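Structural features, examined
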Amino acid sequence: MGRVLVYAETRHGELRAVAREAVTAGRDLAEELGGGVDAFLLGPPGTADRVAELGQYGAERVFVAEDPAFEAYAADAALRMCEDLLGRDAYSAVVFPASAQGKDLAPRAAARLDRGLATEVVALGADGDGPIATRPMYAGKAMARVSFAELPALISVRPNVFRPRERPAAGAVERVVVASEPARQRVTGIETGDRVALDVTEANIVVSGGRGMKDPENWSMLEDLVDALGDDATLGASRAVVDAGWRPHAEQVGQTGKVVSPSLYFAIGISGAIQHLAGMRTAKTIVAINRDAEAPIFSVADFGVVGDLFEVVPALAAEIRRVSAEV
Amino acid sequence: MKSIVCIKRVPDTEARIRVARDGAGIDPAGVKYVMNPYDEFALEEAIRLKEAAGEGSVTVLSVGSGETSEILRTALAMGADEAVLLSSTESTDGLGIARALADEIRGREFDLVLCGKQAVDDDDMAVPSMLGELLGLPCVTVVVALAIDGRRAVAHREIEGGHEVVEFDLPAVVGAQKGLNEPRYPSLKGIMAAKKKPLEVKEVRLAEPKLRIASLEEPPGRAEGEIIGEGTEAVPELVRRLRERALI
Ligand SMILES: Cc1cc2nc3c(=O)[nH]c(=O)nc-3n(C[C@H](O)[C@H](O)[C@H](O)COP(=O)(O)OP(=O)(O)OC[C@H]3O[C@@H](n4cnc5c(N)ncnc54)[C@H](O)[C@@H]3O)c2cc1C
Ligand SMILES: Nc1ncnc2c1ncn2[C@@H]1O[C@H](COP(=O)(O)O)[C@@H](O)[C@H]1O
């Protein structure tokens, strides 16, 4: 006992960042439970050659199922594979990333296995031989510590919280065959926008704009700031600007949008309504730029600048470029 | 089109949440309860599918305490035909709720089960996938577009950086995301009509939770922030602070 199994997410046969995070979280938990960690994943032919790096993060074995149908998320096959592996070895927990795939898959596994599921977990520990998980509820207005009536415990970990840390293990790749039955639902395509932006939940830096931006055209200014901040940065938005049709819903941060935990969050022309705070208050550092010194956003911001965003934002992008050029 | 829509009664998103003294749940005093916002998209879609087909029915189901009748009435006022309250005061987890819903749904005839993508109290995003599994049906979650042609359906599912296009057959379970449609408000006529529509209350036993809440706490407040200055003059100091924290 004490072993942990981790779902390592792929897309088009490439590991996604959340896979490294989930393996890191799984390994830390396995250490507390006195066992090791294994990973499992699905992808098209050729995937097995690209996933041994999970060993760097502590995976002892990496189980891989290959099939052309696994180019995209294959819920039924992933579920069967998970079930097969749980039958081979005694695992105390199964860890999934709380990503679009993991949040769809983990509850299927919970129902199939008749086990408890803790979603969007932000901290993990152990009590005796069982995991204890901390997860936000009520959009982060309360934090619950949860335990599991029976093992294996099913857990999904919030992206960007468990940062990948290297701790090399064998990472032995082992191919497994998943019995093919007709899938109940099939992903026939993935549509991405023109600009394949980093998702707000996965970005290390989020630059969000609100109604104070005045006009959708002004977003070129925020794009420029994102550009100055580098590849880890992406755009976010308040609901006011999503509802106005200025920005796509995929960018909305908040209770009815996405919950983000980046290292750095910029709230620009955003007042800081309770539903917006619910989506970003766990960011490690928050910067607010607003001309109203009384705006509630300043109560959660680590660093606030009171002023006209149309002056501050371009100056900020310029200053970041200037200091970045120095090093 | 016969649809079953699962709706949950949850605290309004504006509500200030206080943890009850026993630490086992929240203090309901002063909290306004509403239909889970995502369930409105599920219900709206079911009503539209029935309207477009020109025939069928919309049944709303909820597992909850007696007070849940209020939101079931709201659903009837929006256009649902009948409501069933699976009444219980026991507490369970997402799987327990999904089991109670699945037990009720199994005995019914339907083309589609619609849920919200997530309930804004437990924030689980689990019940729709669990229902799909318990009923042995196709299930697509976080759906922003749905097209049905006979027994075939195509859904767009929101993923990081785009959409997945997913094909499946009916009957199926779908979890509705914002963007699927624009939910209607109940009309006065609808509110009047709702009073005469059937609302059945069934007592149910809920399964013991497999996930136990050991404690519930209010999150630590963020350290008091600091306004570092005004206008462009504050920019160099801001950048210095961010570099100090190795953020840029
Ligand atoms: C059920 C429900 C769910 C919700 N979910 C969400 C959610 O998920 N996410 C979300 O964001 N909201 C959500 N909301 C909406 C929320 O209540 C607020 O209405 C919304 O967040 C406000 O957006 P905003 O801050 O962009 O706009 P406003 O509140 O209008 O704020 C604009 C800010 O810009 C500042 N400003 C204006 N001009 C300038 C300038 N030139 N320079 C600097 N600053 C300037 C103003 O001082 C002001 O503070 C939800 C509401 C409900 C009822
Ligand atoms: N008690 C309940 N009664 C009816 N439907 C529910 C209940 N709990 C959850 N659901 C449905 O499942 C969806 C997802 O909820 P959750 O998995 O709790 O986040 C909700 O939007 C509802 O459609």
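In this text the structure is predicted, and so the values were computed from the model without any measurement.

**Considerations on the site of ligand 1**
- Inspection of the region around ligand 1 gives 27 residues, with Ser-238, Gln-252, Thr-256, Ser-271 and Asn-290 of chain A positioned closest.
- Chains contributing residues near ligand 1 are chains A and B.
- A distance of 2.6 Å separates a nitrogen atom of ligand 1 from a polar atom in the side chain of Thr-256 of chain A.
- Protein contact buries 81% of the 990 Å² of open area that ligand 1 shows by itself.
- Residue assignment for the shell around ligand 1 shows that the elements contributing at least two residues are helix H5 (239-243), helix H6 (274-280) and helix H7 (309-326) of chain A.
- Residue composition of the shell around ligand 1, by class: six nonpolar, 15 polar and six charged.

**A few points about the sheet that holds strand S16 (residues 264-268) of chain A**
- Reading across the sheet, the six strands line up as S15(A)-S14(A)-S16(A)-S17(A)-S18(A)-S13(B) and stay open at both edges, with parallel pairing between neighbours. Sheet topology places strand S15 (233-237) of chain A together with strand S13 (226-230) of chain B at the edges, where each strand pairs with a single neighbour. Ignoring strand direction, the axes of neighbouring strands in this sheet form an average angle of 20°.
- Sheet strands touched by H7 of chain A: S16, strand S17 (285-290) and strand S18 (303-306) of chain A. Its angle to S17 of chain A, the strand with the most contacts, is close to 135°.

**Examining the site of ligand 2**
All names here are of chain B.
- Neighbouring ligand 2 are 20 residues, the closest being Cys-6, Asp-39, Ala-119, Ala-126 and Val-127.
- Within the contact set of ligand 2, an oxygen atom lies 2.6 Å away from a backbone nitrogen or oxygen of Cys-6.
- The protein chains hide 99% of the 480 Å² of surface that ligand 2 would expose on its own.
- When contributions to the shell around ligand 2 are tallied by element, the ones reaching two or more residues are strand S4 (57-64), helix H3 (94-106), strand S6 (112-116) and helix H4 (127-135).
- The biggest single contributor to the shell around ligand 2 is S4, with three residues.

**Some details on the state of the cysteines**
All names here are of chain B.
- Under the counting rule described, the total for this entry stands at zero disulfides over all chains.
- Cys-115 provides the cysteine sulfur closest to Cys-6, a residue in no disulfide bond, and the two sulfurs are 4.1 Å apart.
- On the accessibility criterion, Cys-6 (7% relative accessible area) is buried.
- Judged by relative accessible area, Cys-115 falls into the buried class, the value being 4%.

**Things to note about the interface of chain A and chain B**
- Each side of the interface is counted separately: chain A has 94 residues, and chain B has 79 residues.
- The three residues of chain A that bury the most area against chain B are Tyr-138, Arg-184 and Phe-303 of chain A, which together make up 10% of that side's buried surface.
- Across the chain A-chain B interface, the total number found is 13 salt bridges.
- Our count for the chain A to chain B interface comes out at 47 residue pairs in polar contact (both at pLDDT 80 or more).
- At nine residues, helix H3 (residues 100-113) of chain A tops the list of elements feeding residues into the side of chain A that touches chain B.
- Of the residues that constitute the side of chain A that touches chain B, the class distribution is 42 nonpolar, 24 polar and 28 charged.
- The sheet contact formed by strand S10 (residues 142-148) of chain A and strand S12 (residues 211-217) of chain B spans six bridges and is antiparallel. Residue Ala-144 of chain A lies in a different strand from S12 of chain B, and its bridge partner there is Leu-216 of chain B.

The rules behind the values
- Each chain has its residues counted from 1, following the order in which its sequence is written.
- Starting at A for chains and at 1 for ligands, labels are handed out in the order in which the entities are written.
- The predicted origin of the model limits local features to residues at a pLDDT of at least 70 and limits the giving and counting of side-chain atom pairs to 80 or more, whereas totals for whole chains, interfaces and linings rest on all residues.
- No hydrogens and no water enter the side-chain calculation; it runs on all heavy atoms of the structure.
- When we say a residue is near a molecule or strand, we mean one of its heavy atoms is within 4 Å of it.
- Think of a polar contact as two N or O atoms within 3.5 Å of one another; within protein, one of them needs to be a possible hydrogen donor and the other a possible acceptor, and neighboring residues in sequence only count if both atoms come from side chains.
- Accessible surface is estimated by sampling points in the Shrake-Rupley manner with a 1.4 Å probe; for residues, cover comes only from the protein chains shown.
- Helix and strand assignments follow DSSP, with helices taken as H or I runs no shorter than four residues and strands as E runs no shorter than two, numbered in order from the N terminus.
- Residues were grouped as follows: Ala, Val, Leu, Ile, Met, Phe, Trp, Tyr, Cys and Pro as nonpolar; Asp, Glu, Lys and Arg as charged; and all remaining residues, including Gly, as polar.
- Pairing between two strands is assigned when DSSP locates at least 2 bridges connecting them.
- To get an axis, fit a line to the C-alpha atoms, keeping to the stretch in contact for a helix; angles then go from 0 to 180 degrees between the N-to-C directions.
- It only takes one pair of heavy atoms within 4.5 Å for two residues to be counted as in contact.
- Note that a disulfide, as used here, is simply two cysteine sulfur atoms within 2.5 Å.
- Residue exposure (1.4 Å probe, protein chains only): buried if accessible area is under 20% of the type maximum, exposed if over 50%, otherwise partly exposed.
- Buried area: the accessible area, evaluated with a 1.4 Å probe, that two parts lose upon being put together, summed over both parts.
- One speaks of a salt bridge when a side-chain nitrogen belonging to Lys or Arg is within 4 Å of a carboxyl oxygen belonging to Asp or Glu.

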